[in-house]
Every structure is written in C-alpha cells, then in structure tokens.
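The lines below spell out each chain.
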Amino acid sequence: MSEDVDQSGKIENSKTRTVLAISDLNTKVLIVPSQVKRSLILNLRSKYPPNRFYIQLFSACLYLLLKSHLNKSETIIIDKEYIGKESQILECLKILSGNRKFVCEIRFSLIGKESLAHKRALASFRLPETGSQRVTAQQLTTLVDKINKNSRALGTSLTVTVKRAKRVPTT
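Right, let's walk through the structure included here.

What counts and how
- Here the residue numbering is sequential within each chain, running from 1 through the sequence in written order.
- At least 70 in pLDDT is required for a residue's local features to be given in this predicted model, at least 80 for side-chain atom pairs to be given and counted, and no such filter applies to totals for whole chains, interfaces and linings, which use all residues.
- The side-chain quantities take in all heavy atoms of the structure and omit both hydrogens and water.
- Definition used for salt bridges: Asp or Glu carboxyl oxygen within 4 Å of a side-chain nitrogen of Lys or Arg.
- Each helix is a run of H or I in the DSSP string that is no shorter than four residues. Each strand is a run of E no shorter than two, and both are numbered from the N terminus.
- To sort residues, take the accessible area from a 1.4 Å probe on protein chains only and compare it with the maximum for the residue type: under 20% means buried, over 50% means exposed, and anything in between is partly exposed.
- By convention, a stacked pair of Phe, Tyr or Trp rings (six-membered ring in the case of Trp) has centres within 6.5 Å and planes under 30 degrees apart, an edge-to-face pair has planes over 60 apart, and any other such pair is tilted.
- Charge over a ring is defined by NZ of Lys or CZ of Arg lying within 6 Å of the ring centre and within 35 degrees of the ring normal.
- In what follows, a contact means two residues having at least one pair of non-hydrogen atoms within 4.5 Å.

1. A word on the pattern of salt bridges
Side chains carrying opposite charge are able to pair once their charged atoms draw close together. Counted under the stated rule, the structure contains four salt bridges. Glu81 is the salt-bridge partner of Lys10, the closest N and O atoms lying 3.9 Å from each other. Within this pair, whereas Lys10 is found in the loop between strand S1 (2–8) and strand S2 (18–22), its partner Glu81 is found in the loop between strand S4 (75–79) and helix H3 (86–96), the two being separated by 71 residues in sequence. Overall, the relative accessible area of 16% leaves Glu81 in the buried class. The salt bridge involving Arg107 is made with Glu105; its shortest N-O contact spans 2.7 Å.

Given below as structure tokens:
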C-alpha cells in the first residue's frame, strides 16, 4: 500500500496558512494557520538559523501528520517540497520518533496534481475542511526544540539513505 503526502502553502510564507495532507482519507489534514506561523517564525528566528529551522518546521508538521503511519507496513511518498533536503527531513523525523527504525518506507518524489493528497491539500488550503487538525505554535516549537536538542546531542547528522520513487503515470 502506498500513501502520498503533499503540502499547499509553503511553511516559510507567513502570509498564508500551510496545509499538509495525506492520501489516506482516514487521516486528518494538518493546518498551520498564518498567525501561528508568524508567531513561530518570530520565536524561532531568535533561537535558530532560518535556513535550518524551516526544514525542521516542515519536518515537525510531517511528523504530526504521519506519526500514526510510521509503524505501518506501507510506502509513504512525500512530494519534493525541499529538493536536496530529503536526508535532513528524514533525520528530523527519526529524532521525533525517538530514533526508532520506521516500519514504513519513506520516499520523496514529485507526486503531481492528480494525487489525492494534492487535491486534499489544495481544497483545504482554499477552504479548511471540517475535521482538519489545526496545530499550535507551542506544539511545533516543542518539536523543533526537540530536533535541535537531539541533533546537538548526536554531534553529527544521522546517516540516512534516501530512496527516490519512480512514479508511473496513471491512466
């Protein structure tokens, strides 16, 4: 089984909300309101370099969306939002999950506009759906702080192998 993940509204754009969605209809869409992002960015800028905390913030949102999927035997394909940063994203997810090995396989690929995850993210970006999960600045700050604390304790980056998914067009 394979699930796609997509984002609508970049995490670093504080003027609009960010929405992360997975193609699994049983999982709520995750929404980060623009007010929460502005508050977060002001707080995190005083603590961490911006070129790093945006990836950590995206990873924290991914973790909140995917935590119930990390221990399932499935493939999760995350849309390439931050090309070249895939290993950092996986490192952050690993730290947030307590450095446990994932049961699922995580891949990065361009998922396309026909993906259910893309459609859910875009629809919720335009008009937030009922049953969506709104996150708070405190939740995300706690997760970003955990990433930074544990990555400093490790001293170096975790070595992570990134598997690139090959998408076959559906007809």
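Having put the structure on the table, let's press on.
2. Side note on the packing of aromatic side chains
Per the stated rule, a full pass over the model turns up two aromatic pairs. On the basis of an interplanar angle of 40° and a centroid distance of 4.6 Å, the ring pair of Phe53 and Tyr54 is categorised as tilted. Exposure class is identical for Phe53 and Tyr54. Each is buried. Arg17 extends its terminal NZ or CZ atom over the ring of Phe125, reaching a point 6.0 Å from the ring centre.

3. Side note on the environment of Cys61
Mapping Cys61 onto the fold places it in helix H2 (residues 50–66). By relative accessible area, which is 0% here, Cys61 ends up buried. With residues near it in sequence (within four places) discarded, Cys61 still touches Ile11, Leu20, Leu30, Val32 and Leu140.

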